[in-house]
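# Topology and contacts: notes
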Amino acid sequence: MARTDAIVLGAGIVGVSIALHLAKRGLSVTLVDRAGVGEQTSYGNAGIIEGNTIFPPAFPSDPGALLRIAFKRASEANYHLSFLPRIVPWLMAFRAASQPERLVETARLIRPLFARAVAEHEALMAEAGATHYMRKTGWLKVYRDKKTFAALGPEFDLAVKFGLPLKALKTSDALTLEPSLNPVFAQAVFWPQAASVSNPLGVTRAYVARFTALGGVTVVGDARSLHRAGNRWRVETNEGAVDAAQCVVALGPWASDLLNRLGVKLPLAVKRGYHRHFRAQGNAGLSRPVLDADAGYLITPMEQGIRITTGAEFAARDAKSTPVQFDRLMPKVHELFPLGARTDDKTWLGSRPCFPDSRPVIGRAPALTGLWLAIGHAHWGLTLGPATGRMIAEMITGETPFCDPQPYGVERFA
Ligand SMILES: Cc1cc2nc3c(=O)[nH]c(=O)nc-3n(C[C@H](O)[C@H](O)[C@H](O)COP(=O)(O)OP(=O)(O)OC[C@H]3O[C@@H](n4cnc5c(N)ncnc54)[C@H](O)[C@@H]3O)c2cc1C
């Protein structure tokens, strides 16, 4: 049996960032995953480090959009009918948290964490030799419908309040930024301070290599074996049992598999999402991620090609893959960008781990000494991985966290 200062369960971007921050502070750390490092949700995302986030994605308030989703015509969302009865309570809580005044409150509460997102990645990238993955070229959002653009007023007002620069662009100005786009949209917004990465898996692997260089240990094991052993936590791994006084749960969409066993019940659901890769036609290319806002998908240039990622699908985490949103959105993508042939033969499916108030949980588990939670990063786990890692490490080592952790505590669900 091995003894260590801290166990981190889950080696996605969140767990790896936590493990690295703990190792940087001189703790002996064992990182446990049953699969390869960074190969699950943290592999397939759209690669955006969205330090500009103001409002989280909200429950649709437009009856037309709801009807389109209900009749399975929407490209931005899908659902499994058989799953609806199970997800209704969560959807009701999500809808309540999507009221305009609640969204403003959320924007205010999450700002300090998001404000550190890009800088915390840059710090880890510098020491992990991963700066070549980083693109500080911002994020472009295009709007086909002038009404959608006109509804952005409250977001722009808050951006000004938070000191976040943005540029509302005419179609022609947006085309100077991204000349390969076709002018099928009426307006655009450029967010210059967002960043993106060309390979999310490469970033996570670079961070874990740095963790290893600092003496960190990564082992294969099943987090569900975690149990109390005296006054410590013990997990069974392929290398034998590992004990530690501190244990961090960073299992992303699988967190409830362990937490339910430990008696910790939290309203964690998943919004599933898919990606496919394509070549661009001829010399066409992109310098940054582009959101086709009214169609609800993203196109991002990646090392593997142009990655198209979908919006939310409400279905059981382990239900079979149903990538029907691609049938609805591909005609829109072809209108916007000259896509070439597909470069992968399998559609990737991932699950965004989401709380209804769109805030992650970062902090102590209730009533379980030495157990910490870093889960529910929803649409922004890549963005927030390093900031979360720093915050948890600061709390565990008794430093003052760089921002107030209270908005991320589990107590809000009590
Ligand atoms: C389509 C899509 C697009 C997205 N785009 C973006 C984006 O542009 N920017 C952004 O910031 N975020 C984005 N996200 C969200 C982001 O990818 C997630 O929030 C983030 O990856 C979650 O990271 P994690 O470390 O919490 O979870 P994961 O990466 O899923 O890591 C959890 C780990 O736990 C392990 N695990 C699970 N169960 C066990 C067990 N029993 N025992 C041992 N190990 C276990 C898994 O193998 C896994 O490695 C996107 C998500 C999707 C689906």
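Below, the structure is looked at part by part. (Residues numbered from 1 in each chain as written. Predicted model: local features only at pLDDT ≥ 70, side-chain atom pairs only at ≥ 80, totals over all residues. Heavy atoms only, no water.)

### Some details on empty space enclosed by the protein
Considering all chains together, one arrives at two cavities of 30 Å³ or more under this definition. Volume-wise, the largest cavity comes out at about 90 Å³. Around the largest cavity, the lining is made up of 14 residues, and of these Pro-56, Ser-358, Ala-378, His-379 and Trp-380 lie nearest the centre. Taken together, the residues that form the lining of the largest cavity break down as ten nonpolar, three polar and one charged. Of the volumes computed, that of the second largest cavity is approximately 40 Å³. Around the second largest cavity sit Pro-56, Pro-57, Phe-94, Ala-97, Ser-98, Leu-103, Thr-106, Pro-356, Asp-357 and Ser-358, which together line it. Of all the elements in the fold, those that place two or more residues in the lining of the second largest cavity are α4 (84-97) and α5 (100-115). (1 Å grid on protein atoms, 1.4 Å probe; cavity = no way out; pocket = protein on both sides within 12 Å on 5 of 7 lines; lining within 4 Å. Points joined across faces, edges and corners; volume = space filled by probe spheres on them. Nonpolar A, V, L, I, M, F, W, Y, C, P; charged D, E, K, R; others polar. Helix = DSSP H or I, 4+ residues; strand = E, 2+ residues; numbered from the N terminus.)

### A closer look at the layout of surface pockets
Estimates place the volume of the second largest pocket at around 270 Å³. Taken together, 13 residues line the second largest pocket, and the ones lying closest to its centre are Phe-83, Arg-86, Leu-268, Ala-269 and Val-270. Sort the elements by how many residues they give to the lining of the second largest pocket and α4 lands first, with three residues. Residues belonging to the lining of the second largest pocket are distributed by class as follows: eight nonpolar, one polar and four charged.

### Considerations on the site of the ligand
Around the ligand, the structure places 34 residues, and the nearest of them are Asp-33, Thr-41, Ser-42, Ala-223 and Thr-383. Within the backbone of Arg-34, a nitrogen or oxygen atom sits 3.2 Å from a nitrogen atom of the ligand. Note that an oxygen atom of the ligand is positioned 2.8 Å from one of the backbone N or O atoms of Ala-378. Bound to the protein, the ligand loses 99% of the 1,000 Å² it would expose on its own. Elements with a minimum of two residues in the shell around the ligand: α1 (13-24), α2 (41-44), β20 (348-354) and α13 (381-396). Per-element tally for the shell around the ligand: the top contributor is α13, with three residues. Tallied by class, the residues present in the shell around the ligand amount to 15 nonpolar, 14 polar and five charged. (Near = heavy atom within 4 Å. Polar contact = N/O pair within 3.5 Å; in protein donor to acceptor, adjacent residues only side chain to side chain. Areas by Shrake-Rupley, 256 points an atom, 1.4 Å probe, with all protein chains shown as cover.)

### Things to note about the nonpolar core
Within the largest apolar cluster, 57 residues are counted, with the highest numbers of intra-cluster contacts made by Ile-18, Leu-22, Ile-49, Leu-113, Tyr-207 and Ile-392. Dropping the residues within four chain positions of it, Ile-392 is found in contact with Ile-18, Val-248, Ile-362, Gly-363, Trp-372, Leu-373 and Ala-374. The next biggest cluster of nonpolar side chains, apart from the first, holds 26 residues, and it includes Ile-7, Leu-268, Val-361 and Val-410. (Core = buried A, V, L, I, M, F, W, Y, C linked by side-chain atoms within 4.5 Å. Buried < 20%, exposed > 50% of the residue type's maximum accessible area, 1.4 Å probe, protein only. Contact = heavy atoms within 4.5 Å.)

### Let's talk about the environment of Thr-148
Tracing the backbone through its elements, the reader meets Thr-148 in helix α7 (residues 146-150). The exposure class assigned to Thr-148 is partly exposed, which follows from its relative accessible area of 27%. On a C-alpha basis, the gap between Thr-148 and Gln-187 in space is 9.6 Å, while along the polypeptide they are 39 residues apart. A polar side-chain atom of Thr-148 sits 2.4 Å from a polar atom in the side chain of Asp-294.

### Brief notes about the sheet that holds strand β9 (residues 195-197)
Within the open sheet, the three strands sit side by side as β3-β9-β5. Their pairing is antiparallel. The sheet is open, and its two edges are formed by β3 (48-49) and β5 (134-135), each paired on a single side. With two bridges connecting them, β5 and β9 associate as antiparallel partners. Along β9, the bridge assignment pairs Met-134 with Val-197. (Pairing = 2+ DSSP bridges.)

### Brief notes about the packing of α1 against helix α6 (residues 117-128)
What describes two packed helices is the angle between their axes and the distance between those same axes. Contact pair α1 / α6: the axes reach a minimum separation of 12 Å and the direction vectors enclose 65°. As the angle between them shows, α1 and α6 are arranged roughly perpendicular. The two elements α1 and α6 meet at a crossing, and its hand is left-handed. Between α1 and α6, the contacting residues are Ile-13, Ser-17, Leu-20, His-21 and Lys-24 on the first element and Glu-120, His-121, Leu-124 and Glu-127 on the second. Among the residues making up the contact of α1 with α6, the classes are represented as three nonpolar, three polar and three charged. (Axes fitted to C-alpha atoms, helices over the stretch in contact; angles between N-to-C directions. Parallel < 35°, antiparallel > 145°, perpendicular 65-115°, else oblique. Left-handed = near helix turned anticlockwise from the far one by under 90°.)

### Notes on α5
Helix length check: α5 (16 residues) gives 22 Å between terminal C-alpha atoms against 22 Å at 1.5 Å per residue, within 8%. Remark: the principal bend of α5, roughly 35°, maps to Leu-109, with a proline, Pro-112, within the next four residues. Looking at α5, one finds that the buried residues are Leu-103, Thr-106, Ala-107, Leu-109, Ile-110, Arg-111, Leu-113 and Phe-114. For α5, the elements touching its buried residues are α4, α6, α8 (153-162), β21 (361-364) and α13. (Expected span 1.5 Å × (residues − 1). Bend = angle between axes of the 7 residues up to and from the residue.)

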